[in-house]
Amino acid sequence: LTPWRRLFVSTTFAYQHARTLTAANDSPAVAPYGGNIYTAVLNGSFVVNDKTDVLAGYSYSTADFEQDNFSGGLPLGTHYHQHALQACIRRQIGKGKSLGLQYRYYRYADSSTGGVSDFEANALFATLSWRLP
């Protein structure tokens, strides 16, 4: 999607149904592992001028593979929500050379682990790209 000449927007939505069976499925201790995964991604870039671009993106993913298998055996599975946000500015500093500065934020929460595997993270990247002849 290009609403204005200098703005570019793209998005993706994905759905997956996944299921895993094992040879031990005749035992009530190991239940089939199955669930749904939903993912949405939104990206955009804006051309400030001939040498500078600003980029931003957001993605969200969730899956529900929780199993209610306490009575028969192992209560395995996952039920997570994951967010990722990024912002970047890129500037051309010469022919075939550019500098970039990028910030990313991540948040992950899994209710099936009681919060043990939850995390938040920040990342900062500085890049120098140099095209070789």
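This one's a predicted model, so the numbers in the text were calculated from it and none came from an experiment. (Residues numbered from 1 in each chain as written. Predicted model: local features only at pLDDT ≥ 70, side-chain atom pairs only at ≥ 80, totals over all residues. Heavy atoms only, no water.)

(A) Molecular detail of the overall build of the chain. Of regular secondary structure, the chain possesses zero helices and six strands. Listed N to C, the secondary structure of the chain is β-β-β-β-β-β in terms of helices and strands. Residue burial in the chain is summarised as follows: out of 133 residues, 17% are buried. In the chain, once contacts between residues fewer than 6 apart in sequence are set aside, the share between residues at least 24 apart is 48%. Split by element, the accessible area of the chain, about 9,500 Å² in all, is 60% carbon and sulfur. (Helix = DSSP H or I, 4+ residues; strand = E, 2+ residues; numbered from the N terminus. Buried < 20%, exposed > 50% of the residue type's maximum accessible area, 1.4 Å probe, protein only. Contact = heavy atoms within 4.5 Å. Areas by Shrake-Rupley, 256 points an atom, 1.4 Å probe, with all protein chains shown as cover.)

(B) Just the pattern of salt bridges, in detail. For the coordinates displayed, the defined rule picks out one salt bridge. Notably, a salt bridge pairs D53 with R90, separated by 3.5 Å at the nearest N-O pair. Placement of the pair is D53 in strand β3 (residues 52-64) and R90 in strand β4 (residues 79-94), with a sequence separation of 37 residues. (Salt bridge = Lys/Arg side-chain N within 4 Å of Asp/Glu carboxyl O.)

(C) Geometry of the environment of F119. Along the polypeptide, F119 turns up in strand β6 (residues 119-130). Residues F119 and Y106, spaced 13 residues apart in sequence, show a C-alpha to C-alpha distance of 7.9 Å.

(D) Expanded view of the sheet that holds strand β1 (residues 7-20). Across the sheet, which stays open at both edges, the six strands sit in the order β1-β2-β3-β4-β5-β6 with antiparallel pairing between neighbours. Two strands lie at the open edges of the sheet, namely β1 and β6, each paired on one side alone. Between one strand axis and the next, the sheet turns by 10° as a mean value, whatever way the strands run. Sheet analysis places β4 next to strand β5 (residues 97-110), joined by 14 bridges and oriented antiparallel. Across the sheet, the residue bridging to Q92 is S98, located in β5. (Pairing = 2+ DSSP bridges. Axes fitted to C-alpha atoms, helices over the stretch in contact; angles between N-to-C directions.)

(E) Local environment of the nonpolar core. Among the nonpolar cores identified, the biggest contains five residues, and these are I37, A63, F65, Y80 and Y108. Ignoring sequence-local partners within four residues, the contact set of I37 consists of A14, Y15, Q16, S61, T62, A63, F65 and Y80. (Core = buried A, V, L, I, M, F, W, Y, C linked by side-chain atoms within 4.5 Å.)

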